[in-house]
Amino acid sequence: MNKADNLYKPKKEDLKEYRKVHSLSKSTYVKGKQCAKMLYLNKHKPKLKKAVSKQTEVLFTFGKKFETDFRSKFEESIHLTEVLGNQFHLYAGLTEELLETPEPKNIFEAGVFYNEVLVLTDVLQQNEDGSYIVYEVKYTNKLKPVVMWDLALQYYVCKNKLKNLQSFNVVMIGKKGKFKINNMTHLLEKQMESVAVEIEEYKKILKQEKAPEIKIGSQCFRPYKCQFFDYCRL
Ligand code: SF4
């Protein structure tokens, strides 16, 4: 726990008031971008999913360390994972409560909820003047399409929900392993409309009675090998 954890400590009995149920998240939106059938199966047939590869797990561990190193630069911080664990339906409500107090603070894994979409931002900085800065940490040195999908969704939710969003930044691997911070605000602003359309489309797909009929193809491997591949190829 960091210094500012004493800014707010929710009581166990208050947590149920923070409940918000989402239809989409960053990871499910990215699934929808890759393949509509994957999006559907992930919700309705999760048991058919194969575990991720060892290589993906290793990359995930490196990514977590990179994120932790970046976060260590922030004082007065609250790490919501340490408070809520995997109770994802409570993150946005608790974040809203924390942001109601005007003290500057940094929230790690801050939940932001808009239009049935929940995103957890790596660092949400609340400034003295009431404005916000978001930092999303990516363990990569390139803005690959999948990174842009993820950022576009997060920006859409943050821009609509946090009325005074000063900037939205991506933190990547720079020279000599240093952090490279790019302000993505203007670029992502241009994608707001297309993201809104896709969100509505994905919500409809999730409500269908059957999975969309999609044949095996190049989408099964890009950007990630699909965890439903063994099921689909039968
Ligand atoms: S295996 Fe291919 S077709 Fe099947 S859900 Fe995955 S990406 Fe879609």
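Right above here is the structure, for reference.
Residues numbered from 1 in each chain as written. Predicted model: local features only at pLDDT ≥ 70, side-chain atom pairs only at ≥ 80, totals over all residues.

K.L.:
Any chance you could explain helix α3 (residues 54–71) here in plain terms?
P.N.:
Residues spaced three or four apart along an α-helix face the same direction, because each turn holds 3.6 residues. Its 18 residues give α3 an end-to-end C-alpha distance of 26 Å, which sits within 8% of 26 Å, the value for a rise of 1.5 Å per residue. Among the 18 residues of α3, one are classified as buried, and the element is accordingly described as predominantly exposed. (Helix = DSSP H or I, 4+ residues; strand = E, 2+ residues; numbered from the N terminus. Expected span 1.5 Å × (residues − 1). Buried ≥ 20, exposed ≤ 12 C-beta atoms within 10 Å, placed from the backbone.)

K.L.:
Can you help me understand the site of the ligand in this one?
P.N.:
Within the structure, the ligand sits among Cys35, Lys37, Met38, Leu41, Ile214, Ile216, Gln219, Cys220, Cys226, Phe228, Phe229 and Cys232. Elements represented by at least two residues in the shell around the ligand include exactly α2 (36–44) and α9 (229–232). The residue inventory of the shell around the ligand, partitioned by class, reads 10 nonpolar, one polar and one charged. (Near = placed C-beta within 6 Å. Nonpolar A, V, L, I, M, F, W, Y, C, P; charged D, E, K, R; others polar.)

K.L.:
Mind showing me how you'd approach the nonpolar core here?
P.N.:
In globular proteins that are soluble, nonpolar side chains generally tend to be buried together. Formed by 48 residues in total, the largest nonpolar core has its most connected members in Ala152 and Leu153. Elements that contribute at least two residues to this core include exactly α2, α5 (91–100), β3 (105–114), β4 (117–126), β5 (132–137), α6 (145–161), β6 (165–173) and α8 (192–207). Counting residues per element, this core draws most heavily on α6, which supplies eight residues. If sequence neighbours within four positions are ignored, leucine 153 has contacts with Lys26, Tyr29, Val117, Val119 and Val195. (Core = buried A, V, L, I, M, F, W, Y, C linked by C-beta atoms within 7 Å. Contact = placed C-beta atoms within 7 Å.)

K.L.:
Even after reading the chapter, I still don't get unusual backbone geometry, so can you show me in this structure?
P.N.:
The omega angle of the peptide bond from arginine 222 to proline 223 is 0°, so this bond is cis rather than trans. Its identity as a non-glycine residue notwithstanding, glutamate 76 has a phi of 50°, on the positive side. Along the chain, the position of glutamate 76 falls in the loop between α3 and β2 (77–79). On the basis of neighbour counts, which here come to 15 C-beta atoms within 10 Å, the residue glutamate 76 falls in the partly exposed class. If you check the backbone angles, glutamate 116 has positive phi at about 65° while not being a glycine. Inspection of the secondary structure assignment puts glutamate 116 in the loop between β3 and β4. On the basis of neighbour counts, which here come to 15 C-beta atoms within 10 Å, the residue glutamate 116 falls in the partly exposed class.

K.L.:
Just checking my understanding: could you explain the packing of helix α1 (residues 26–34) against α6 for this structure?
P.N.:
Between two packed helices, both the angle of their axes relative to each other and the distance between the axes serve to describe the pair. Contact pair α1 / α6: the axes reach a minimum separation of 10 Å and the direction vectors enclose 130°. On the basis of the axis angle, α1 is oblique to α6. Judged by the twist between their axes, the crossing of α1 over α6 is right-handed. From α1, Lys26, Tyr29, Val30 and Lys33 reach across to α6, where they touch Val146, Trp149, Asp150, Leu153 and Gln154. The class makeup of the residues in the contact of α1 with α6 is five nonpolar, one polar and three charged. (Axes fitted to C-alpha atoms, helices over the stretch in contact; angles between N-to-C directions. Parallel < 35°, antiparallel > 145°, perpendicular 65-115°, else oblique. Left-handed = near helix turned anticlockwise from the far one by under 90°.)

K.L.:
I would appreciate a short explanation of the pairing of β6 in the present structure.
P.N.:
As judged from the six bridges shared by β5 and β6, these two strands associate in the parallel manner. Note that in β6 the partner of valine 134 across the bridge is phenylalanine 168. Crossover β5 to β6 through α6 is right-handed. With five bridges connecting them, β6 and strand β7 (residues 179–183) associate as antiparallel partners. Note on β7: the bridge partner recorded for asparagine 169 is asparagine 183. Between β6 and β7, which pair antiparallel in sequence order, lie five residues; one of them, lysine 176, sits at a positive phi of approximately 55°. (Pairing = 2+ DSSP bridges. Right-handed = clockwise from strand over helix to strand, strands pointing away.)

K.L.:
Could you clarify how one ought to interpret the environment of lysine 142 in this entry?
P.N.:
For lysine 142, the location among the structural elements is in the loop between β5 and α6. C-alpha separation for the pair lysine 142 and leucine 162, spaced 20 residues apart in sequence, amounts to 27 Å.

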